[in-house]
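Okay, here's what each chain looks like letter by letter:
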Amino acid sequence: MEDLVSLCKRRGFIFQTNEIYGGLQGVYDYGPLGVELKNNLKASWWSSMVYERDDVEGIDSAILTNSSVLKYSGHEDTFTDPLVDCRKCNARSRADHLKDNKCPSCGSNDLTNPRPFNLMFKTNIGPVEEGASFAYLRPETAQQIFTNFKNVCDSTSRSLPFGIAQIGKAFRNEVTPRNFIFRVRELEQMELEFFVKPGEDEKWYKFWIEERIKWWVNQGVSEERLEIYKVPQKELAHYSKSTIDLMYKFPHGTEELEGIANRTDFDLGSHSKNQSELNIKAKVIKNNESNSKLAIQEKETNEWVVPYVIEPSAGVERGFLAILNEAYRTEEVNGKNRTVLALKPHLAPIKAAIIPLKRNDQELVTLATNLKTKLQKLGMGRILLENSGNIGKSYRRHDEVGTPLCVTVDFQTQEDNTVTVRDRDTMKQIRLPAEGIAQYLKEYLN
Ligand code: GAP
């Protein structure tokens, strides 16, 4: 973990937020390379969930959430962690994270009884700081998917099964944020709510568990470091009929990377009840009378159904950490240490570095700049002009940040328009016509 944290800071992947003011616990910023890797990871999820399927729509909803949503979703009552105080040093800890029932700060076992601590952040809405004028920062992206269920159904004419996907921020006032970006207070989730006919939920639950494992393996996560933990009945979230935690062997231990839950009709049902209680137009769902916001009319039978929901919910930060952990390695080459980030090319922050062999040679720099501009226009991600003048150092730097290919423009390029292409993983170099680089890169990145 120390090596990863140090690489992240040194090379601009992740910074402590507000560092110059002493930071903010459990909150991080992503630097020039971190933002690229994070965006690539999210784009890969979005592509596999939305573009490569024909039964999923995407949304991007607000973070500020009407408190009623989180009342009826059950979060106000149950989204809590058990908190204990140490009577000796006043440290606060999660009761379920204690070892031998001792305070992790001072080792005392003089602790209070656990009491529930709600993890949701509240904020004021409007100019008056009074009672009801508050909203929550959403603790999961899922609820706005449920509250938009009717909008999406009406605007897309979907029938079951179909899903709604969303990537976005969520906020949790974790008692003890820790292990770098593993447990943070401001996080990002990639969530799919997949709506199915009641009775078909078990089949789809199994389907999504398998799909998600395949996806993580495609991101470079080794299957040996993944394991499935079936959450026991008494530990299930209030909405869940069954849940598995997809666990990953992180540097600090094996913990949850993604959760896949069968949420049944709990959320849509609960929000429908809320609507009828509030006497908004929604009618209840039975007997074909429904105008309900949160049910769907089956095309064959005309019956109104409240679908069951299968939810794969992954954390971007935990994915980021797992992928870095998989990719990071050090090795000895000709008596020198080389650090390599062997990221899958589609995740690499920089796809190719274009390097003029000599920094001050105007002709080489122009050739390299033209090549960079041409490749950049193809939309394959970031192509960087690396004009540092030291080819050895450039290679090492790009190995360390995971750039799959370095393309060197040298004196031979001036004569025959060929360039040297160096592969990050094998360190092998080949000579190719500059014209062919775009195609080569395209095939390499796929
Ligand atoms: N909508 C379901 C849901 O939110 P969850 O298991 O509480 O379920 C889903 O969270 C995923 O979000 C987790 O598997 C994890 O990857 C990520 N996650 C949750 N809390 C987190 C935190 N404090 N820091 C980083 N990631 C977190």
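Numbering of residues starts from 1 in every chain and runs along the sequence as written. Only residues with pLDDT of 70 or above have their local features reported here, since the model is predicted, and side-chain atom pairs are shown and tallied only from 80 upward, although totals for entire chains, interfaces and linings are computed over all residues. Water and hydrogen atoms play no part in the side-chain values, which are based on all heavy atoms of the structure.

**Things to note about the environment of Val84**
Threshold: For the purposes of this entry, the term helix denotes a DSSP run of H or I that reaches at least four residues, the term strand denotes a run of E that reaches at least two, and both are numbered from the N terminus. Residue exposure (1.4 Å probe, protein chains only): buried if accessible area is under 20% of the type maximum, exposed if over 50%, otherwise partly exposed. Working rule for contacts: check all heavy atoms of both residues, and any pair within 4.5 Å makes them a contact.
Relative to the elements of secondary structure, Val84 occurs in strand β5 (residues 80–85). Residue classification places Val84 among the buried residues on the basis of a relative accessible area of 3%. When the C-alpha atoms of Val84 and Asp425 are compared, they prove to be 49 Å apart, with 341 residues separating the residues in sequence. In this view, Val84 contacts Ala91, Arg92, Ser93, Ala95, Leu98, Thr112, Asn113 and Pro114; residues no more than four positions away in its chain are not counted.

**Some remarks on the pattern of salt bridges**
Pairs can form between side chains of opposite charge whenever their charged atoms are close. So the rule is basically this: Salt bridge, as used here: a side-chain nitrogen of Lys or Arg that lies within 4 Å of a carboxyl oxygen of Asp or Glu.
One pass over the structure, following the stated rule, counts 34 salt bridges. Among the ionic pairs, Arg225 bridges to Glu326, the shortest N-O distance being 2.9 Å. One end of the pair, Arg225, is in the loop between α7 (201–218) and β12 (226–230); the other, Glu326, is in helix α9 (residues 316–327), and 101 residues separate them in sequence. Among the residues examined, Arg225 registers a relative accessible area of 32% and is labelled partly exposed. For Arg263, the salt bridge identified is with Asp267, shortest N-O distance 2.9 Å. Through salt bridges with shared partners, a single ionic network connects Arg329, Glu331, Arg338, Arg396, Asp399 and Arg422.

**Comments concerning the domain arrangement of the protein chain**
The condition that has to hold: Where a domain begins and ends is set by an automatic assignment or by a domain database. The quantity reported as buried area is the accessible area (1.4 Å probe) lost by two parts once they are put together, taken as the sum for both. Counted as a polar contact is a pair of N or O atoms within 3.5 Å, where, for protein atoms, one must be capable of donating a hydrogen and the other of accepting one, and residues adjacent in sequence contribute only when both atoms are in side chains.
Split by domain assignment, the protein chain resolves into domain 1 (2–77 + 121–324), domain 2 (80–118) and domain 3 (350–445). On a C-alpha basis, the centres of domain 1 and domain 3 stand 39 Å from each other. Taken together, the contact pairs 7 residues of domain 1 with 6 residues of domain 3. Overall, the association of domain 1 and domain 3 removes approximately 610 Å² of surface from exposure, summing both partners, and the carbon and sulfur fraction of that is 51%. The largest per-residue losses of area from domain 1 upon contact with domain 3 belong to Arg11, Leu33 and Glu36, which jointly make up 64% of the total buried on that side. Where domain 1 touches domain 3, the interface holds 2 salt bridges. Between Arg11 and Glu400 there is a salt bridge; the shortest N-O distance is 2.7 Å. If you look at where domain 1 meets domain 3, you find 2 residue pairs in polar contact (both at pLDDT 80 or more).

**Overview of the nonpolar core**
What counts here: Here, nonpolar core means buried Ala, Val, Leu, Ile, Met, Phe, Trp, Tyr and Cys residues that are tied together by side-chain atoms lying within 4.5 Å of each other.
Counting residues in each nonpolar core, the largest one holds 56 residues, and the members touching the most others are Phe13 and Trp216. Residue contributions to this core reach at least three from each of two domains, namely domain 1 (2–77 + 121–324) and domain 3 (350–445). The contacts of Phe13, once residues within four sequence positions are left out, are Leu7, Cys8, Asp29, Tyr30, Gly31, Leu33, Gly34, Leu37, Phe320, Leu341, Pro349 and Val401.

**Details of the environment of Asp96**
By the element assignment, Asp96 lies in the loop between β6 (92–94) and β7 (115–118). Residues Asp96 and Val84, spaced 12 residues apart in sequence, show a C-alpha to C-alpha distance of 9.6 Å. Within polar-contact distance, the side chain of Asp96 engages the side chain of Arg94 at 2.7 Å.

**Brief notes about the packing of aromatic side chains**
Rules: Here a pair means two rings of Phe, Tyr or Trp (six-membered ring of Trp) with centres within 6.5 Å. Their orientation is stacked below 30 degrees between planes, edge-to-face above 60, and tilted elsewhere. Whether a charge sits over a ring depends on NZ of Lys or CZ of Arg being within 6 Å of the ring centre and within 35 degrees of the ring normal.
Per the counting criterion, the structure on display carries 16 aromatic pairs. Taking the centre distance of 5.3 Å and the plane angle of 85° together, the rings of Phe134 and Tyr136 count as edge-to-face. For the ring pair Phe194 and Trp204, a centre distance of 4.8 Å and an interplane angle of 50° mean the geometry is tilted. Linking Phe194 in strand β11 (residues 186–196) with Trp204 in helix α7, this pair joins segments that are 10 residues apart in sequence. This pair shows no difference in class: Phe194 is buried, exactly as Trp204 is. Following the ring pairs from residue to residue traces out a cluster consisting of Phe146, Phe149, Phe162 and Phe195. We note Arg422 situated over the ring of Tyr395; from NZ or CZ to the ring centre the distance is 4.4 Å.

**Quick word on the side chain of Arg183**
Among the structural elements, Arg183 can be located in the loop between β10 (162–171) and β11. Its relative accessible area of 10% is what places Arg183 among the buried residues. Apart from residues lying up to four places away in sequence, Arg183 is in contact with Arg94, His97, Glu174, Thr176, Pro177, Arg178, Glu255 and Arg318.

**What to know about the sheet that holds strand β20 (residues 350–356)**
Two strands in a sheet stick together by hydrogen bonds in their backbones, pointing the same way (parallel) or opposite ways (antiparallel). Filter applied, for reference: At least two DSSP bridges between two strands are required for those strands to pair. Axis lines are fitted through C-alpha atoms, for helices just across the contact stretch, and the angle between N-to-C directions can take any value from 0 to 180 degrees.
Read across the open sheet, the 5 strands follow the order β21-β20-β22-β23-β24; overall the sheet is mixed. Two strands in the sheet have a free side with no partner beyond their single neighbour: β21 (382–385) and β24 (429–433). Neighbour-to-neighbour, the strand axes of this sheet turn through a mean angle of 25°, independent of strand direction. As defined by bridge partners, β20 adjoins β21 across 4 bridges and the pair is classed as parallel. Paired with Ala352 across the bridge in β21 is Ile383. Helix α10 (residues 362–376) contacts β20, β21, β22 (405–409) and β23 (418–423) of the sheet and is inclined by roughly 175° relative to β21. Strands β20, β21, β22, β23 and β24 of the sheet are contacted by helix α11 (residues 391–401), whose axis makes an angle of about 175° with β20.

**Brief notes about the site of the ligand**
Threshold: By convention in these notes, a residue is near a molecule or strand provided one of its non-hydrogen atoms lies within 4 Å of it.
In the neighbourhood of the ligand, 20 residues make up the surrounding shell, with Glu140, Arg172, Glu174, Glu191 and Glu256 lying closest. Taking Gln189, its side chain carries an N or O atom lying 3.0 Å from an oxygen atom of the ligand. For the shell around the ligand, the secondary structure elements donating two or more residues are β11, β14 (253–264) and β17 (308–315). If one sorts the elements of the shell around the ligand by residue count, β14 sits on top with 5 residues.

**Brief notes about the pairing of strand β19 (residues 336–341)**
Of the pairings in the sheet, the one linking strand β18 (residues 328–333) to β19 comprises 6 bridges and is antiparallel in character. The residue bridging Val333 from the neighbouring strand is Lys336, located in β19. Where β18 hands over to β19, the hairpin turn is made up of 2 residues, of which Asn334 adopts a positive phi near 50°.

**Considering the sheet that holds β7**
Spatially, β6-β5-β7 is the arrangement adopted by the 3 strands of the open sheet, whose pairing is antiparallel. Edge positions in the sheet fall to β6 and β7, since each of these pairs with one other strand and no more. Sheet twist, expressed as the average angle between the axes of neighbouring strands with direction ignored, equals 50°. Both β5 and β7 contribute to a ladder of 4 bridges, which runs antiparallel. Across the sheet, residue Asp81 finds its bridge partner in β7, namely Phe117.

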